[in-house]
Amino acid sequence: MTDRRTILKAGAMLPFLFASTDEVLGQTASPVSPFPYGQPIGQYPQPEFIRDALRLHFGSALQVKSKLFDGWDKDIVAYGMAPQPIGKDMLRAFYTAVFEEFPDFRLVDDVMLVAGDMGAHRYHALGTHTGGKSPTHAKIMFRGQTIYRVNSAGYIVWRNSNHDHGFRESQLDYFRQPSAAGPVRSWAPDPFAPSVSVVQLHTPATGMTEHRIRDIFAQMQNAFNQPRKRSDFWRNFAPSAAICGLNHDDPLKPMPLSALVERDQSLRAGLNRFKMWTEELIVCGDHVAHLYRLEGKHSGGAISGKPADGRDIVLREQAVYRFGSDNRIAEMWINHDRRLFEQQFGKGS
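Residues numbered from 1 in each chain as written. Predicted model: local features only at pLDDT ≥ 70, side-chain atom pairs only at ≥ 80, totals over all residues. Heavy atoms only, no water.

Chemist: Whenever I open this one, empty space enclosed by the protein confuses me. Can you help?
Modeler: Think of a ball as big as a water molecule: rolled over the atoms, this probe shows where empty space is left. Counted by the stated rule, this structure contains three cavities of 30 Å³ or more. The volume enclosed by the largest cavity comes to roughly 190 Å³. As for the largest cavity, its lining consists of 19 residues, and the residues nearest its centre are Phe224, Phe233, Met276, Tyr292 and Met332. For the lining of the largest cavity, the secondary-structure elements that each account for two or more residues are α6 (210-224), α7 (230-234), α8 (257-270), β9 (271-284), β10 (287-298) and β11 (312-323). When its residues are assigned to classes, the lining of the largest cavity shows 14 nonpolar, two polar and three charged. (1 Å grid on protein atoms, 1.4 Å probe; cavity = no way out; pocket = protein on both sides within 12 Å on 5 of 7 lines; lining within 4 Å. Points joined across faces, edges and corners; volume = space filled by probe spheres on them. Helix = DSSP H or I, 4+ residues; strand = E, 2+ residues; numbered from the N terminus. Nonpolar A, V, L, I, M, F, W, Y, C, P; charged D, E, K, R; others polar.)

Chemist: Would you explain the environment of arginine 168 in this entry?
Modeler: Looking at the secondary structure, you find arginine 168 in helix α4 (residues 165-176). Put simply, arginine 168 and arginine 143 are 25 residues apart on the chain and 8.0 Å apart in space, counted from C-alpha to C-alpha.

Chemist: What is the right way to look at the pattern of salt bridges in this model?
Modeler: Should the charged atoms of two oppositely charged side chains come close, the side chains can pair. Taken as a whole and judged by the stated rule, the model has 14 salt bridges. As a salt-bridge pair, arginine 263 and glutamate 317 come within 2.7 Å of each other at their nearest N and O atoms. Residue arginine 263 is located in helix α8, and its partner glutamate 317 is located in strand β11; the two are separated by 54 residues in the primary sequence. You can call arginine 263 partly exposed: its relative accessible area is 22%. (Salt bridge = Lys/Arg side-chain N within 4 Å of Asp/Glu carboxyl O. Buried < 20%, exposed > 50% of the residue type's maximum accessible area, 1.4 Å probe, protein only.)

Chemist: Any chance you could explain the pairing of strand β12 (residues 329-336) here in plain terms?
Modeler: Moving residue by residue along a regular strand, the side chains alternate between the two faces of the sheet. For β12, a buried count of six out of eight residues is recorded, marking the element as mostly surrounded by other parts of the structure. Of the pairings in the sheet, the one linking strand β7 (residues 237-244) to β12 comprises four bridges and is parallel in character. Looking at the pairing, cysteine 244 lines up with tryptophan 333 of β12. Bridge count between β11 and β12: seven bridges; the pairing is antiparallel. (Pairing = 2+ DSSP bridges.)

Chemist: Looking at this structure, I do not really get the pairing of strand β3 (residues 106-115). What am I missing?
Modeler: With seven of 10 residues buried, β3 is to be regarded as a mostly interior element. Note that β3 and strand β4 (residues 118-128) share nine bridges and pair antiparallel. Bridging across to β4, valine 111 finds its partner in arginine 122. In this structure, the hairpin formed by β3 and β4 is closed by a connection of two residues, where glycine 116 is found at a positive phi of approximately 65°.

Chemist: Even after reading the chapter, I still don't get the side chain of asparagine 225, so can you show me in this structure?
Modeler: You can see asparagine 225 is positioned in the loop between α6 and α7. On the accessibility criterion, asparagine 225 (10% relative accessible area) is buried. Every residue in contact with asparagine 225, bar those within four places of it in the chain, is listed here: Phe274, Lys275, Met276 and Trp277. (Contact = heavy atoms within 4.5 Å.)

Chemist: What's the story with the sheet that holds β11 in this structure? I'm lost.
Modeler: The strands making up a sheet are joined through hydrogen bonds of the backbone, oriented either antiparallel or parallel. Across the sheet, six strands lie side by side as β8-β7-β12-β11-β10-β9; this open sheet has mixed pairing. With one partner strand each, in any of the chains shown, β8 (254-256) and β9 form the two edges of the open sheet. When the angles between neighbouring strand axes are averaged without regard to direction, this sheet yields 30°. Relative to the sheet, α8 contacts β7, β8, β9, β10, β11 and β12, its axis offset from that of β9 by approximately 135°. Relative to the sheet, helix α9 (residues 338-345) contacts β10, β11 and β12, its axis offset from that of β11 by approximately 150°. (Axes fitted to C-alpha atoms, helices over the stretch in contact; angles between N-to-C directions.)

Chemist: Help me out: how do you make sense of unusual backbone geometry in this one?
Modeler: Leaving glycine aside, a negative phi is the common case for residues, and trans is the common case for peptide bonds. Not every positive phi belongs to a glycine, and serine 304 is a case in point at roughly 55°. Looking at the secondary structure, you find serine 304 in the loop between β10 and β11. The exposed category is assigned to serine 304, whose relative accessible area is 55%. The phi angle at asparagine 327 is positive, at roughly 65°, despite the residue not being glycine. Structurally, asparagine 327 is set in the loop between β11 and β12. We classify asparagine 327 as partly exposed; its relative accessible area is 35%.

Chemist: How should the nonpolar core be read in this particular structure?
Modeler: Within soluble globular proteins, side chains that are nonpolar generally end up buried alongside one another. If you look at the biggest cluster of nonpolar residues, it comprises 36 residues, and the most contacted ones within it are Phe237, Ile243, Leu260, Tyr321 and Met332. Excluding residues that lie within four positions of it along the chain, leucine 260 makes contacts with Trp234, Phe237, Ile243, Leu246, Met332 and Ile334. Judged by nonpolar contacts, the second largest core, of 30 residues, contains Ala53, Ala78, Met90 and Ala125. (Core = buried A, V, L, I, M, F, W, Y, C linked by side-chain atoms within 4.5 Å.)

Chemist: Mind showing me how you'd approach the packing of aromatic side chains here?
Modeler: In this description, an aromatic ring pair is defined by two values, namely the gap between the centres and the angle between the planes. A complete count under the given rule lists 16 aromatic pairs for this structure. Residues phenylalanine 341 and phenylalanine 345 carry aromatic rings whose centres are separated by 4.9 Å and whose planes lie at 45° to one another, so their mutual orientation is tilted. Placement of the pair is phenylalanine 341 and phenylalanine 345 together in helix α9, with a separation of four residues, close to one helical turn. Following the ring pairs from residue to residue traces out a cluster consisting of Phe224, Phe233, Trp234, Phe237 and Phe274. The aromatic ring of phenylalanine 224 is capped on one face by arginine 268, whose charged end is 4.4 Å from the ring centroid. (Phe/Tyr/Trp six-rings, centres within 6.5 Å; stacked < 30°, edge-to-face > 60°. Lys NZ or Arg CZ within 6 Å of the ring centre and 35° of its normal.)

Chemist: Explain α8 to me, please; I cannot follow it from the model alone.
Modeler: Within an α-helix, residues lying three or four positions from one another point in the same direction, as the helix has 3.6 residues per turn. Its 14 residues place the ends of α8 21 Å apart at the C-alpha level, agreeing with the 20 Å of an ideal helix rising 1.5 Å per residue. Turning to α8, its buried residues number three or more, namely Leu257, Ala259, Leu260, Asp264, Leu267, Arg268 and Gly270. (Expected span 1.5 Å × (residues − 1).)

Okay, structure coming up:
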């Protein structure tokens, strides 16, 4: 399988570091070109050129972060960083501050799309707040999307960034709590250590093939949907598996496999005909990204304090798994669609 992911030592914009652009930088953004809707401007290169230009833009910052700035055209127009569009000087100032606040900032490019002279990528990022005037030493995860326009010389002339501020702020809010003073998940072993290459990151340490992993997940879904085979589902998890995402007070705290089993039992007690359906399954080395939905009829016990009313229920989740050396799931990170859950089980639903 061709691996489209790239590990990058680049920065994503952190608007929370600034009160406002003009206040911090003492500048006023100059007039900019119109929002680039419609057809690509003039002649544009092949999609492979655009993709490689964006890869080079980020990849050049692997060893020297400041090289990130070299891929921007001198007249670049950037949206999404401030209420008004900004140019290269202000863009550079934003990212320089990010690198100072989070010296170990790492960006993982999850998906890259190209159409005409435009490119877009979805990413997630990790960083430890050890720099700046008031370091908290908090480990923060970021995620978002950015759209680019690349000219025929390979320089980015326009970008529009959309960062998931709520996801970031929920973590910062946790670290602001007095109870958060204790130890937190360390992200160790560090996948971004200099001795770990991109190839090593995405080469299965288990020797499992993509076909084998997909076969396991097909069997797991079949077992999940048949009560008599439920034990076959859990047999694919290592007894010591770490489950992250179940503890909403601390999203980074791993929980034992028993916590996931208890949640499953609680949902099954409230939902009849409880089923799992896979929507997307992405295999990368010994890691798996799984987009799925859970369905059932709320005709059993109460869920989240809400008595049964016989309604059909749909829950959506995303999960990332890592297989261990015994070819069983060693780690699982769950991301719930909390808004959908609360619409069905929250107050006033």
